[in-house]
Amino acid sequence: IFIGMFLLLSVLLAVIVEFWLSYLKKTNDNEKRKERLGITKAFIWIDKEHNFYIKERTWNELILLLKKDFTKLQSHFMFQMLDWEQKGQLDVLDFLNITEALKLH
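In this text the structure is predicted, and so the values were computed from the model without any measurement.

Participant: So what about the packing of aromatic side chains? Which residues, and what values?
Facilitator: Applying the stated criterion to the full structure yields four aromatic pairs. Over the aromatic face of Trp-45 sits the side chain of Lys-48, whose NZ or CZ is 4.6 Å from the ring centroid.

In structure tokens, the structure reads:
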């Protein structure tokens, strides 16, 4: 009887843990989707010229406005981190990496 109850409780625990992990993954995926949507909307708002690129000058103006303690050198460095293709401008795919760049600072 004890072995049967132990096996039953083990299976029940495994089902509960599996359900909980799938719930967390779904919640995390939804949060990431919302974050990407928000970042994309921010990019569209910042892209005043509507050419789907943000030049470094625009980037510097934005960062220095939002982060008062940033210097131009720090803003330039962050721009270079996001512009990994060294195009001199950020597209929306580069801009989606902004959360990782801000975590590094």
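Participant: Give a description of the packing of helix α2 (residues 56–66) against helix α3 (residues 72–82) that names residues and reports values.
Facilitator: With their axes 10 Å apart at the nearest point, α2 and α3 run at an angle of 125° to one another. Taken together, the axes of α2 and α3 lie oblique to each other. At the point where α2 passes α3, the crossing takes the right-handed sense. On α3, the residues that touch Glu-56, Trp-59, Asn-60, Ile-63 and Leu-64 of α2 are Lys-72, Ser-75, His-76, Met-78, Phe-79, Gln-80 and Leu-82. Each residue belonging to the contact of α2 with α3 can be placed in one class, and the counts come to six nonpolar, four polar and two charged.

Participant: Quick rundown of the nonpolar core? Include the residues and the values.
Facilitator: In terms of nonpolar packing, the biggest core is built from 15 residues, with Ile-54, Trp-59, Leu-82, Leu-90, Phe-95 and Ile-98 touching the most fellow members. Taken together, the elements giving at least two residues each to this core come down to α1 (2–46), α2, α3 and α5 (98–104).

Cut-offs used in this document
Residues numbered from 1 in each chain as written. Predicted model: local features only at pLDDT ≥ 70, side-chain atom pairs only at ≥ 80, totals over all residues. Heavy atoms only, no water. Phe/Tyr/Trp six-rings, centres within 6.5 Å; stacked < 30°, edge-to-face > 60°. Lys NZ or Arg CZ within 6 Å of the ring centre and 35° of its normal. Axes fitted to C-alpha atoms, helices over the stretch in contact; angles between N-to-C directions. Helix = DSSP H or I, 4+ residues; strand = E, 2+ residues; numbered from the N terminus. Parallel < 35°, antiparallel > 145°, perpendicular 65-115°, else oblique. Left-handed = near helix turned anticlockwise from the far one by under 90°. Contact = heavy atoms within 4.5 Å. Nonpolar A, V, L, I, M, F, W, Y, C, P; charged D, E, K, R; others polar. Core = buried A, V, L, I, M, F, W, Y, C linked by side-chain atoms within 4.5 Å. Buried < 20%, exposed > 50% of the residue type's maximum accessible area, 1.4 Å probe, protein only.

Purely geometric stuff here, so don't read any function into it on its own.
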